[in-house]
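Single-letter residue listing:
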Amino acid sequence: MIDLYCRQKGEQVEVYTTNADDNKLKVLTRDILTGNLSELVLDQYSNPINWELVNHDFSSYKPEFDMAEARKRHGHTDNLEYIKYQIANAINNTHNNRGFSRYLKKNIIGTWAEKQLTLSFSEDGTYVFKGKWKPSTALAGVPETGTYTLSSNMLLFWGNQNSGVRTQIVDLVDDKIYFPGYSGQLFFTMTKQ
């Protein structure tokens, strides 16, 4: 579990992700991104994010990774789309990655669907990907068949034509698997069949 704190500052958004532990609060990442909070939705169904207004001062917390300072040093800026990767990484930093990887290997087996898209994982380490997807989805470019490998929160699809795609798994809860979103969406969600 994480908490995401965002503050609009002109044309930029200041972002803090924390471990959501009020007793031992840790700031996992801090960043400043170009964009407007109204551009963010929760998922591919355009569900809005129910923001809660809070007044929290983070000045006394040293972030584990201060991306905003790194951007200053390198002169590089990023847009709000980058937040989806920070959320995936922050959630997975709160997991015991070895335990999360074992959990995924056990619970990913089966068929997952989203509209006309299906993704089936077998116990023998193979997968089948069927259906149509927009070019911008989290799974764009995944070969139709091949083998898959899980490591921590990373999923590698390796096709039979020596081509592959790697993506993060944000989380797997009950019958939902969460991938990083696209086009302003925080998550791309598939449901187990």
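Each residue is numbered by its place in its chain's sequence as written, counting from 1. Local features in a predicted model are, by the rule used here, given only for residues with pLDDT of at least 70; side-chain atom pairs are given and counted only at 80 or more, and totals for whole chains, interfaces and linings are based on all residues. Neither water nor hydrogens contribute to the side-chain values; these are computed over all heavy atoms in the structure.

## Thoughts on the overall build of the chain
Piece 1. When helices and strands are counted, the chain shows 3 helices and 14 strands.
Piece 2. For a compact globule the rule gives 2.2 Å times the number of residues to the power 0.38, and the radius of gyration it is set against comes from C-alpha atoms. For the chain, whose C-alpha radius of gyration is 18 Å, the value lies close to the compact-globule estimate of 16 Å for 193 residues.
Piece 3. Across its three principal directions, the C-alpha atoms of the chain cover 50 × 35 × 35 Å.
Piece 4. A total of 193 residues make up the chain; the buried ones form 43% of that total.
Piece 5. Any two residues whose heavy atoms approach within 4.5 Å are treated as being in contact. Considering only contacts within the chain whose residues lie at least 6 apart along the sequence, 49% involve residues at least 24 apart. Each helix is a run of H or I in the DSSP string that is no shorter than four residues. Each strand is a run of E no shorter than two, and both are numbered from the N terminus. Each residue gets one of three labels from its accessible area relative to the maximum for its type: buried under 20%, exposed over 50%, partly exposed in between, using a 1.4 Å probe on protein chains only.

## Focus: the environment of aspartate 43
Piece 1. Following the sequence through the fold, aspartate 43 ends up in strand S4 (residues 41-43).
Piece 2. Classification of aspartate 43 by relative accessible area gives buried; the value is 9%.
Piece 3. On a C-alpha basis, the gap between aspartate 43 and glycine 181 in space is 6.8 Å, while along the polypeptide they are 138 residues apart.
Piece 4. Every residue in contact with aspartate 43, bar those within four places of it in the chain, is listed here: Gln185, Phe187 and Thr189.

## Concerning the packing of aromatic side chains
Piece 1. For Phe, Tyr and Trp, where Trp contributes only its six-membered ring, two rings pair if their centres lie within 6.5 Å, and the inter-plane angle classes them as stacked under 30 degrees, edge-to-face over 60, or tilted in between. Counted according to the given criterion, the structure contains 8 aromatic pairs.
Piece 2. A centroid spacing of 6.4 Å and a plane angle of 20° characterise the contact between phenylalanine 100 and tyrosine 103, whose relative ring orientation is stacked. Here the residue phenylalanine 100 and the residue tyrosine 103 both occupy positions in helix H3 (residues 97-107), the gap between them amounting to 3 residues, near one helical turn.
Piece 3. By relative accessible area, which is 4% here, phenylalanine 100 ends up buried.
Piece 4. Taken together, the aromatic side chains of Tyr5, Tyr16, Phe58 and Tyr61 make up a single cluster linked through ring pairs.
Piece 5. Think of it as a cone above the ring: NZ of Lys or CZ of Arg counts as a charge over the ring if it is within 6 Å of the ring centre and within 35 degrees of the ring normal. The ring of tyrosine 82 is capped by arginine 71, whose NZ or CZ atom sits 4.9 Å from the centre of that ring.

## Quick notes on the sheet that holds strand S3 (residues 27-34)
Piece 1. When DSSP finds two or more bridges between a pair of strands, those strands are recorded as paired. One open sheet holds the 4 strands; their spatial order is S1-S2-S3-S5, and the pairing between them is mixed. What marks the edges here is a single partner per strand, and that holds for strand S1 (3-9) and strand S5 (65-66).
Piece 2. In terms of strand pairing, strand S2 (residues 12-18) meets S3 through 7 bridges, oriented antiparallel. In the sheet register, tyrosine 16 faces S3, and the bridge partner there is arginine 30.
Piece 3. On top of the sheet, helix H1 (residues 67-74) reaches S3 and S5; it is set at about 50° to S3, its chief contact. Simply put, an axis is a line fit to the C-alpha atoms, just over the touching stretch for a helix, and the angle between two N-to-C directions goes from 0 to 180 degrees.

## Structural notes on the nonpolar core
Piece 1. Core analysis: the largest hydrophobic core is formed by 24 residues, its most contacted members being Ile108, Phe121, Leu139, Phe179 and Met190.
Piece 2. The dominant element in this core, judged by the number of residues it contributes, is strand S7 (residues 117-121), at 3 residues.
Piece 3. Leave out the neighbours within four places in its chain, and phenylalanine 121 touches Ile108, Ile109, Gly110, Trp112, Thr126, Tyr127, Tyr148, Leu155 and Phe157. Nonpolar cores are built from buried Ala, Val, Leu, Ile, Met, Phe, Trp, Tyr and Cys residues. Side-chain atoms within 4.5 Å join them into one set.

## Re the side chain of threonine 17
Piece 1. Considering the arrangement of structural elements, one finds threonine 17 in strand S2.
Piece 2. Look at threonine 17 and you get buried, because its relative accessible area is 0%.
Piece 3. In the analysis that follows, any N or O atom pair within 3.5 Å is treated as a polar contact, provided that within protein one partner can donate a hydrogen and the other can accept it, and provided that, for residues neighboring in sequence, both atoms belong to side chains. At a separation of 2.4 Å, a polar atom in the side chain of threonine 17 contacts the side chain of threonine 29.
Piece 4. Leaving out residues up to four positions away in the same chain, threonine 17 has contacts with Ile2, Asp3, Leu4, Lys26, Val27, Leu28, Thr29 and Ala90.

## Focus on the pattern of salt bridges
Where charged atoms of side chains with opposite charge meet at close range, the side chains can pair.
Piece 1. The term salt bridge refers to a pairing of a side-chain nitrogen on Lys or Arg with a carboxyl oxygen on Asp or Glu at a separation within 4 Å. Throughout the structure, instances matching the rule amount to 7 salt bridges.
Piece 2. For glutamate 69, the salt bridge identified is with lysine 72, shortest N-O distance 3.4 Å. One end of the pair is glutamate 69 and the other is lysine 72, both in helix H1 and 3 residues apart, which spans about a single turn.
Piece 3. Given a relative accessible area of 30%, glutamate 69 falls into the partly exposed group.
Piece 4. Ionic pairing is found between arginine 71 and aspartate 78, a salt bridge with its closest N-O pair at 3.6 Å.
Piece 5. A cluster of three or more residues bridged by salt bridges with shared partners is formed by Arg7, Lys9, Glu14, Arg30 and Asp66.

Purely spatial values, then, with no claim about function.
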